[in-house]
Amino acid sequence: MAQRKPKRDDRLEVEVERVDERGLGVGRAQHEAGEFRVALRRALAGERVVAQVLRRRGEKIEGRLLEVLRASGERVSPPCRHYGACGGCALQDLRYAAQLAAKREIVERALRRERIEVAVEPVIGSANELHYRNKMDFTFGTRRWVEPGEAEGVQRDFAVGLHPREQFRKVLDVERCEIQPEPFDAILASARRLALEQRLVAWDLVRHEGLLRHIVLRRSVATGEILVQLTTSSESPEQVGPYVAALLAAHPQITTLVQAINSRGATVAMGERELVLHGSGAIRERLAGLWYRVSAASFFQTNTAQAERLVEVTLEEARLAGRERVLDLYCGAGTLTLPLARKATHVQGVELVEAAVEDARRNAEENGIANVTFSAGDVLAWFGSAGASECDVMVVDPPRAGLHPKVVELLARAAARRMVYMSCHIASAARDIAALAPAGWRATRARPVDLFPQTPHVECVLTLERAP
Ligand SMILES: C[S@@+](CC[C@H](N)C(=O)[O-])C[C@H]1O[C@@H](n2cnc3c(N)ncnc32)[C@H](O)[C@@H]1O
């Protein structure tokens, strides 16, 4: 007779083998019905743990950690008070050096899965394991995540913070976040206190009504300037005006404040319209010896110190001798474009977000860099009209989803013989690189850089070459 397979709430003993790209410990459990793969939070490679079954699909089980029977020597006590409930920073139980080893393995496995044969170098670690982010995006909500053991009768219809794991309608009130700069804790606390005092209503993520939607904080490491972007569902100056005035009075270190208006359902901090309510609408940051203007809508690497390493690695891999024409696709505000331009004949940057392109142009001008051209628009459309026949080296830094299949085709046929592909999502990079292989492109180096300590995310710089 067939044995009964594990079902919800059963307990299993699991030998954990590795940490995966979601930050889950993955291992095997022996059961009377056979061997099962179990994935669970907060379980580390080399540990033996007891898991409670949450769900099973075929031979794969998602579990909850109940007990650690044999702990890893790399287990440490997590620094964050919200760890466990909060959806971010899933690797806090792991010593930092072991986080780096786990990330290298994540990159190796993703490349192997696509049959890409390249040695992955050790991950370049961050000097700051905490407080390294220069930007945080907090959400307002009407359904506050209630911590177990919290007192009855506390207000539950207002919160500002981060989403708890897999709970996109709820919001965890963040008191302290260990990966953000310390001044952000106090600004976030004031944003909460003042909204409650002034009886402003948070956006309801289900009913799509309310006023306050997001608060994004950005800080320049070089100058200490702080940009606040407040996203609201409508302009509502009679409510937003006094709120902003009180926030600025409480925190004079806020150098600029932008209101973004987003009336649509999608929960993004980016608005349909922006109003600069205080200051210049941007902060100035220094990176790789250059000054950058970063406005609210522009992408900017979130870990300034490690972005320096990223620029260094990119320059090393681009191997420019000063004669090359370079194409920088998905160039943002020019973080890579400008350092590349100092070593090339010309760099063409392409970027979708108009405001980022404006920043990039201004950044080039302010740094006295004239051998760059920026085009605003979709990379695919730009390629269709301009082509890349004139380029020697291509630098490609797409968003997490990777490249559109048609962009892969265009890159495959481009004249360049060297490509530096940078990605914060190695699975999509591996897919794209595998798709480039039939055109003769081969990955020759893989150099991960840790931009995101405490989280399972990893940035990887991949060098591709094409034989003549
Ligand atoms: C990972 S960021 C890289 C930015 C830049 N290379 C840097 O290091 O700061 C990706 C950029 O791609 C842009 N982007 C997203 N989709 C795009 C598209 N279809 N065409 C052009 N740019 C796009 C985003 O606005 C963002 O600035």
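Definitions and limits used
- Residues numbered from 1 in each chain as written.
- Predicted model: local features only at pLDDT ≥ 70, side-chain atom pairs only at ≥ 80, totals over all residues.
- Heavy atoms only, no water.
- Phe/Tyr/Trp six-rings, centres within 6.5 Å; stacked < 30°, edge-to-face > 60°.
- Helix = DSSP H or I, 4+ residues; strand = E, 2+ residues; numbered from the N terminus.
- Buried < 20%, exposed > 50% of the residue type's maximum accessible area, 1.4 Å probe, protein only.
- Lys NZ or Arg CZ within 6 Å of the ring centre and 35° of its normal.
- Domains from an automatic or database assignment.
- Expected span 1.5 Å × (residues − 1).
- Contact = heavy atoms within 4.5 Å.
- Pairing = 2+ DSSP bridges.
- Near = heavy atom within 4 Å.
- Polar contact = N/O pair within 3.5 Å; in protein donor to acceptor, adjacent residues only side chain to side chain.
- Areas by Shrake-Rupley, 256 points an atom, 1.4 Å probe, with all protein chains shown as cover.
- Nonpolar A, V, L, I, M, F, W, Y, C, P; charged D, E, K, R; others polar.
- Salt bridge = Lys/Arg side-chain N within 4 Å of Asp/Glu carboxyl O.
- Axes fitted to C-alpha atoms, helices over the stretch in contact; angles between N-to-C directions.

### Looking at the packing of aromatic side chains
Tallied over the full model, the rule gives three aromatic pairs. Arranged with centres 6.0 Å apart and planes meeting at 65 degrees, the rings of F140 and F158 form a pair that is edge-to-face. Taken as a pair, F140 in strand β6 (residues 135-141) and F158 in the loop between β6 and β7 (159-162) lie far apart in primary sequence, 18 residues in all. Take F158: its relative accessible area is 5%, and that puts it in the buried class. The ring of W203 has R213 sitting right over it, with the charged end atom 3.8 Å from the ring centre.

### Describing the domain arrangement of the protein
Its domain assignment divides the protein into domain 1 (11-70), domain 2 (98-128 + 303-466) and domain 3 (135-286). Domain 1 and domain 3 are separated by 37 Å when their C-alpha centres are compared.

### Description of helix α6 (residues 354-366)
End to end, α6 covers 18 Å across 13 residues, agreeing with the expected 18 Å (1.5 Å per residue, within 8%). Among the structural elements, β14 (290-295), α5 (337-341), β16 (346-351) and β17 (372-376) are those in contact with the buried residues of α6. Immediately downstream of α6, the backbone of G368 shows phi near 65 degrees, a positive value.

### Section: the sheet that holds β7
Spatial strand order, β8-β7-β6-β9-β10-β11-β12: seven strands in an open sheet with mixed pairing. Two strands in the sheet have a free side with no partner beyond their single neighbour: β8 (172-173) and β12 (273-278). By the bridge criterion, three bridges tie β6 to β7 in an arrangement that is antiparallel. Counted as the bridge partner of T139 is G161 from β7.

### Overview of the site of the ligand
Neighbouring residues of the ligand: 16 residues in total, closest Q301, T335, E351, D378 and D397. Y330 is positioned with one of its backbone polar atoms (N or O) 3.0 Å from a nitrogen atom of the ligand. Side-chain polar atom of D397 to a nitrogen atom of the ligand: 2.9 Å apart, as the coordinates give it. For the ligand, whose accessible area on its own is 590 Å², the fraction buried by protein is 86%. Residue classes in the shell around the ligand are distributed as nine nonpolar, four polar and three charged.

### Focus: the environment of V26
With respect to the helices and strands, V26 occurs in strand β2 (residues 25-31). Residue V26 is classed as buried on the basis of its relative accessible area of 7%. When the C-alpha atoms of V26 and E365 are compared, they prove to be 50 Å apart, with 339 residues separating the residues in sequence. Not counting residues up to four positions away in its chain, the partners in contact with V26 are V16, E17, R18, D20, R37, V38 and A39.

### Considering the pattern of salt bridges
Per the counting criterion, the structure on display carries 37 salt bridges. Residue E15 pairs with R48 through a salt bridge whose shortest N-O separation is 2.8 Å. Taken together, the positions of E15 in strand β1 (residues 11-19) and R48 in strand β4 (residues 48-57) put the pair 33 residues apart, joining distant regions of the chain. You can call E15 partly exposed: its relative accessible area is 29%. We classify R48 as partly exposed; its relative accessible area is 26%. With a closest N to O distance of 3.8 Å, E108 and R104 form a salt bridge. Residue E108 and its partner R104 are both found in helix α1 (residues 96-113); the two are separated by four residues, about one turn of the helix. Classification of R104 as partly exposed rests on a relative accessible area of 30%.

### Remarks on the sheet that holds strand β18 (residues 393-396)
Paired through their backbone hydrogen bonds, the strands of a sheet run either parallel or antiparallel. Pairing in this open sheet of seven strands is mixed, and the strands run β17-β16-β15-β18-β19-β21-β20 from one edge to the other. A strand with exactly one partner marks an edge of an open sheet, and here the two such strands are β17 and β20 (441-449). In this sheet, neighbouring strand axes are inclined to one another by 15 degrees on average, regardless of whether the strands run parallel or antiparallel. Bridge count for β20 against strand β21 (residues 459-466) is eight bridges, and the pairing is antiparallel. Bridge pairing links A446 to L462 in β21. Sheet strands touched by α6: β16 and β17. Its angle to β17, the strand with the most contacts, is close to 170 degrees.

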